[in-house]
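Now for the letters of each chain:
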Amino acid sequence: MSFGHFALAATSRAALAVAVFVLSTFSTGSQTVQPLAWFFFPVSLFASRSASSPAQLIPMIIIPFTAGLTLAHLGSFAADPEDKTLAPYVAAVVVAFVAATMLSIPYYIDWVITSMQHAAFLGIENDDSDSDTEESNVVPQSSTMVLPNTYRSWFAQIVFPTSWVGICKLLGLASPLGSWGNPAYANVTAHASSSENAIPQLAALFGIDGILFMMAWFGTAVCSLSVMLSEYFSLVQEQKAGDAVNEDVVRGRTERSPPPRSPDSGGMSWQQQTSPSRTWSQGGDVQGGGRTRTWQPANSESAPLLQYTKPAQKLDRAWLIWRTLARGIFTPPGFYSTILVLCLLYGNLRPLFSELAEGRHWLTAPDEDDPVKQLHVGCLVSKTNLDTDALLDATGRLAKRLEVVDRHDEADHMRLVMWSEEAAGIYSASQESTLHKKASSLSASTSTHLLIAYTILPNETSLGEGGIEAGSSYNRMAFFLPNGTIAFVHQKRHPVPFVERGYVPGDAAMPAVVETAFGKVAGAICFDLDFPGWIAHAGRRGAKFMLQSSWTWEAIALPHARGNILRAIENDFTLIRCASDGYSGIYSPLGATLADRYTWQKGLEPKIDAFVMGDVEVPMRVVNGEDLLDTVPTLFVLGGFVFGWVCAVAVGVIGVVLCWGWGCRARRPGRR
């Protein structure tokens, strides 16, 4: 049963607060560690449940969480190394405090629920709130061995992860940072090796919301398991100490209730104490020579909350262990473990499912005549280069390098050249038109798919120390087909807060998706991919490739690439990103890194770095003699994206129910 406040000494609470700070530092940001991100939830939940009042959530959760988030994301706000002011640090602290305060809501909800369940469990709901007795201050520890499948325990198990996901969803909708900093991103553990592991594959079901739900649910499961183990070992110690039932009081009653919390004892054990609301009922022999002890409210007709059968010595120990394990599956921790195993099984089998859907598996050898097309990708990195002719010349040379002679016909080879974000800088709409014409001509002459990225600046001083005035610049990309046709022009929908304050956000309701020789293609710029709901439109419209131009900096290069990889898994497209001061690479719909390179250029000098990124296989399927591109839609694309919305609505419903329940409890007769 998930209710059970843990009464701890002051030193233990301080240790838990420090642990919350350390784990939150490594659960998000640029230095994430996957196991620490998972164990953050049970440790923080232990800390919140050790609070004797909601006010104690401030030192136990909000303050250490704020400090951890600030340290984890400090580099995200210090984008300009030349900025020696305190503004980035102040911004980091303010954002971290707001996020920590909002994310403390799930802990408060959990605290209220466990408190109400304690009151019902101990039968102290009618205690006088103004009483000066010790019993009025008791915050007991739950004591269960075989946990009942009641709505109370399951409700408390699910409310905490639901609240976490719902609050993160609302933060992502209201905040200009989107999903940046979501703990689910810690599960993508490497940028230069395959990410085909089990946990990230869950994004194909319910997105990062599903991953975050399992992480938060892990917290409540561990807390419940700790209570179960504590009670189990307590009962074992009683049995070893010869705590046999007195035969003279076989059907008598021995009253028992938890003691007040003591700073010296740590509050982790039960002691006998007189209480009129809770009784031990001790029954006679049961089948096999055992004896039953049941703990339930006095004068209650409900099912026992705890039932322990003391087996006779002749019962087989292996059978007892098997019976305990079988019953454990139907406890909240056991049920969570079952769901987690199924999720891990799905994650490990998903690559196999994808191969079977494409008609490829271990029983079939590759056929020389299989219709497989090759997409050869090149990347050109620069920073606001005003010499657009030099950029186009370098692009033409890179397109020539992509020409490959292979066993297939030339028609089976396609070329794509991409520019990094803001690779070119121009000053007017007329210069933009001229750039488009030159890029169109180059694309047609080289038979290359071409994606150019540029920024329109208000004047030549915009690159100087004065910076860019608000609402005066435009960050755009344009995609050209091999015949020179311009397929789409996209303006960055989500400029980076604080860093790109001078840029006008685009008004596109969804990413542009166009048909090409290698499938449907969508395009987005850098921070756009930190908004899963916006990118999901491309997945629902069947995009098989997402072209991303990016410009990051050292502190956020790795976490940004990790987050982008989950967009590929969620929407079942291949992500191709060309980035300056970041990771340029090709990432499969399974999260596998097909190509990866860190591209860094010191300062803002107009340098040009053009390189061949790699090749992408475009599997085909022949139907009635026609080559059709394979498509394997994910559950997230088909409807799993609504999971986060359901959790967000549930948070509001839970809040209303708790307020109503707390109000009804306060209005009961006998309470002041």
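For clarity, every value in this text was computed on a predicted model and none was experimentally measured.

**Digging into the side chain of Ser 44**
Then comes step 1: Examined against the element boundaries, Ser 44 turns out to sit in helix α2 (residues 34-49).
Then comes step 2: On the accessibility criterion, Ser 44 (0% relative accessible area) is buried.
Then comes step 3: A polar contact is formed between the side chain of Ser 44 and the backbone oxygen of Phe 40, at a distance of 2.8 Å.
Then comes step 4: Only 2.7 Å separates the side chain of Ser 44 from the side chain of Tyr 107, close enough to count as a polar contact.

**Side note on the sheet that holds strand β16 (residues 593-599)**
Then comes step 1: Spatial ordering of the open sheet is given by β11-β12-β13-β14-β15-β16, a layout of six strands whose pairing is mixed. This sheet does not close on itself; its edge strands, each paired only once, are β11 (513-516) and β16. Ignoring strand direction, the axes of neighbouring strands in this sheet form an average angle of 20 degrees.
Then comes step 2: Where helix α13 (residues 532-540) meets the sheet, it contacts β11, β12 (519-525) and β13 (545-551), and its direction lies at approximately 165 degrees from that of β12.

**Describing the packing of α2 against helix α3 (residues 57-77)**
Then comes step 1: Two elements in contact, α2 and α3, have axes whose closest approach is 8 Å; the angle formed by their N-to-C orientations is 150 degrees. Residues Phe 40, Ser 44, Ala 47 and Ser 48 of α2 lie in contact with α3, whose contacting residues are Leu 57, Met 60, Ile 61 and Phe 65.
Then comes step 2: Of the residues that constitute the contact of α2 with α3, the class distribution is six nonpolar, two polar and no charged.

**Focus: the packing of aromatic side chains**
Then comes step 1: Taken as a whole and assessed by the stated rule, the structure comprises 20 aromatic pairs.
Then comes step 2: Seen from their ring centres, Trp 38 and Phe 218 are 5.8 Å apart, and the 75 degrees between their planes marks the pair as edge-to-face. In this pair, Trp 38 is assigned in helix α2 and Phe 218 in helix α8 (residues 203-240), connecting sequence segments 180 residues apart. For the pair Trp 38 and Phe 218, one class covers both residues: buried.
Then comes step 3: Here the aromatic cluster, defined as three or more aromatic residues joined through ring pairs, consists of Trp 38, Phe 39, Phe 206, Phe 213, Trp 217, Phe 218, Phe 335, Tyr 336 and Phe 643.
Then comes step 4: Above the plane of the ring of Phe 641 lies Arg 540, whose end atom (NZ or CZ) is 4.2 Å from the centre.

Criteria and cut-off values
Residues numbered from 1 in each chain as written. Predicted model: local features only at pLDDT ≥ 70, side-chain atom pairs only at ≥ 80, totals over all residues. Heavy atoms only, no water. Helix = DSSP H or I, 4+ residues; strand = E, 2+ residues; numbered from the N terminus. Buried < 20%, exposed > 50% of the residue type's maximum accessible area, 1.4 Å probe, protein only. Polar contact = N/O pair within 3.5 Å; in protein donor to acceptor, adjacent residues only side chain to side chain. Pairing = 2+ DSSP bridges. Axes fitted to C-alpha atoms, helices over the stretch in contact; angles between N-to-C directions. Contact = heavy atoms within 4.5 Å. Nonpolar A, V, L, I, M, F, W, Y, C, P; charged D, E, K, R; others polar. Phe/Tyr/Trp six-rings, centres within 6.5 Å; stacked < 30°, edge-to-face > 60°. Lys NZ or Arg CZ within 6 Å of the ring centre and 35° of its normal.

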